[in-house]
Amino acid sequence: MATSAFVPDSFDPPTSLVTDRFRLEPLGPQHNEADRAAWMSSIEHIRATPGYPDGTWPPPEGLSPERNLADLQRHADHFAARKGFTFTVLDPAHGDVIGCVYLYPASSQEYDVSVQSWVRADRAHLDTPLAEALVDWIATDWPWERLDRYGR
C-alpha cells in the first residue's frame, strides 16, 4: 500500500469498537492526562508487549504533559488526514484509559497495515483479547487484508 492511499477515499473509518471488556474511541488531546498516566504506569510492561521490539517507546524517563499532548495531537491529525488511526482503549464501566491501539501503514509491502496495541500492566489480562478483537474488527470493518501483528 506504499504507493496508494492508506484507506480508499470512499472509506468511512470506524470511530469505535465496543466489547464487554473495553471500548475504543479515537485518541486525542482530551485524553492527555489519563493517557500519560496509563502508559507511564506501565513502561516495562509495554516494552515487553509484542510490537514494541526496538525498546524506544515508551521512554523510560516519560514525557512532560506538554510533549504527550503534542503526541496526541499528532495522532489526531493523522486520523483526520487518514494517514493512521490511533484509538484509546477505555474501561467500558468507568471510562478509564487502559491502553492504546495504533493502525498505521506497514513498513513492508508484504502487509497493508501495522497493528500495535498495549494495555496497562494492571490490565495485562486484556492484552490478548484486545489483540484478537482487533483482528476481527479489521476483517469486518476496515479495508485491509494483510496485517503486520508483530508476531501475534
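Presented here is a report on the structure given in the accompanying data block. (Residues numbered from 1 in each chain as written. Predicted model: local features only at pLDDT ≥ 70, side-chain atom pairs only at ≥ 80, totals over all residues. Heavy atoms only, no water.)

A look at the pattern of salt bridges
It is possible for side chains of opposite charge to pair when their charged atoms get near one another.
Right, on to step 1. Going through the model one piece at a time under the given rule, you end up with 6 salt bridges.
Right, on to step 2. Of the charged contacts in the structure, one is a salt bridge between Arg152 and Asp127, with a shortest N-O distance of 3.1 Å. Of this pair, Arg152 sits in the segment after β6 (147–148) while Asp127 sits in helix α4 (residues 127–141), and the two are 25 residues apart along the sequence.
Right, on to step 3. Residue class for Asp127 comes out buried when judged on its relative accessible area of 13%. (Salt bridge = Lys/Arg side-chain N within 4 Å of Asp/Glu carboxyl O. Helix = DSSP H or I, 4+ residues; strand = E, 2+ residues; numbered from the N terminus. Buried < 20%, exposed > 50% of the residue type's maximum accessible area, 1.4 Å probe, protein only.)

Topic: helix α1 (residues 32–40)
Right, on to step 1. Turning to α1, its buried residues number three or more, namely Asn32, Asp35, Ala38 and Trp39. The arc that holds every buried residue of α1, seen down its axis, measures 135 degrees, which confines them to one face.
Right, on to step 2. On its buried side, α1 packs onto α2 (43–47), α3 (65–81), β4 (97–104) and β5 (113–119). (Arc of directions from axis to C-beta. Contact = heavy atoms within 4.5 Å.)

A closer look at the pairing of β4
Right, on to step 1. Summarising burial for β4: 8 of the 8 residues are buried, a large majority.
Right, on to step 2. As judged from the 6 bridges shared by strand β3 (residues 85–90) and β4, these two strands associate in the antiparallel manner. Counted as the bridge partner of Thr86 is Tyr102 from β4.
Right, on to step 3. Note: β4 against β5, 6 bridges, orientation antiparallel. Paired with Tyr104 across the strands is Ser114, a residue of β5. (Pairing = 2+ DSSP bridges.)

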